[in-house]
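Architecture and fold: a report
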Amino acid sequence: DAKTTQPPSMDCAEGRAANLPCNHSTISGNEYVYWYRQIHSQGPQYIIHGLKNNETNEMASLIITEDRKSSTLILPHATLRDTAVYYCIVRVIDNYGQNFVFGPGTRLSVLP
Amino acid sequence: NAGVTQTPKFQVLKTGQSMTLQCAQDMNHEYMSWYRQDPGMGLRLIHYSVGAGITDQGEVPNGYNVSRSTTEDFPLRLLSAAPSQTSVYFCASYSPGTGIVLHFGNGTRLTVT
């Protein structure tokens, strides 16, 4: 599976959009981009995933560049409860889950 | 639906003691796994199972043992606890078919003195 690179930390003002970048320059054609987050010491929580089209759900939007070498997770109106570590993962969708590789992620601090 | 349930939430062991971390899921997921998370780091895969009776090693399997006698349960055994095993342990299960979401429990915080 392709490796990902994320900034170690970011700040965002409450109510503003939080844009979290992820580089995945070696991504293969059949690998999806996933985002998870981990609030405090809880188990990671699924946010969104996509292949090449931009995706949106009730939690966030995922923007993938045309060459698929990078992506951005957007939290449109960040709240204090969005303070968490955000993980970008690139993997093939298959029947098994052992190729979820969680790196150190980006620690997002939403400031009042 | 309880999802993925881990017990205990906290545990303190002395070096050399053994114990079992419990994990149960009620979503009929075939795939289950154990991760450990050390301070400031991502999650590392210890062991995983793709179905009852089938287990395999992940990235950091040494010092841990698993078995999968039922679809629902996937216990993790520490054979002889060491201070290096002080960590937060997460159990996860994977939704079949859609192959999208890894569901996590809320973790067990283990301290080995």
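Summary of the structure given here. Here the structure is a predicted model, which is why all the values come from computation and not from measurement. (Residues numbered from 1 in each chain as written. Chains lettered and ligands numbered in written order. Predicted model: local features only at pLDDT ≥ 70, side-chain atom pairs only at ≥ 80, totals over all residues. Heavy atoms only, no water.)

On to the interface of chain B and chain A. Counting from both sides, the interface comprises 20 residues of chain B and, opposite them, 21 residues of chain A. Summing the contributions of chain B and of chain A, the shared interface buries around 1600 Å²; its carbon and sulfur component is 58%. The largest per-residue losses of area from chain B upon contact with chain A belong to Leu43, Tyr94 and Ile100 of chain B, which jointly make up 28% of the total buried on that side. Summed over the shared surface of chain B and chain A, the number is zero salt bridges. Our count for the chain B to chain A interface comes out at seven residue pairs in polar contact (both at pLDDT 80 or more). Counting only elements with at least two residues in the side of chain B that touches chain A, the list comes to β4 (31-37), β5 (43-51), β9 (87-94) and β10 (102-104) of chain B. (Contact = heavy atoms within 4.5 Å. Buried area = accessible area lost by both parts, 1.4 Å probe. Salt bridge = Lys/Arg side-chain N within 4 Å of Asp/Glu carboxyl O. Polar contact = N/O pair within 3.5 Å; in protein donor to acceptor, adjacent residues only side chain to side chain. Helix = DSSP H or I, 4+ residues; strand = E, 2+ residues; numbered from the N terminus.)

Take the state of the cysteines next. Tallied over the entire structure, the rule returns two disulfides over all chains. Note that cysteine 22 of chain A is cross-linked by a disulfide to cysteine 88 of chain A, the S-S spacing being 2.1 Å. Between cysteine 22 of chain A and cysteine 88 of chain A, the S-S torsion sits near -85°, and that sign places the bridge as left-handed. You can see cysteine 22 of chain A sitting in strand β2 (residues 18-23) and its partner cysteine 88 of chain A sitting in strand β8 (residues 84-92), a full 66 residues away along the chain. We note that cysteine 22 of chain A, like cysteine 88 of chain A, is buried. A disulfide bridge connects cysteine 23 of chain B with cysteine 91 of chain B, and the sulfur atoms are separated by 1.8 Å. When the S-S torsion is -70°, as for the bridge of cysteine 23 of chain B with cysteine 91 of chain B, the disulfide is left-handed. Taken together, the positions of cysteine 23 of chain B in strand β3 (residues 19-25) and cysteine 91 of chain B in strand β9 put the pair 68 residues apart, joining distant regions of the chain. (Disulfide = S-S within 2.5 Å. Buried < 20%, exposed > 50% of the residue type's maximum accessible area, 1.4 Å probe, protein only.)

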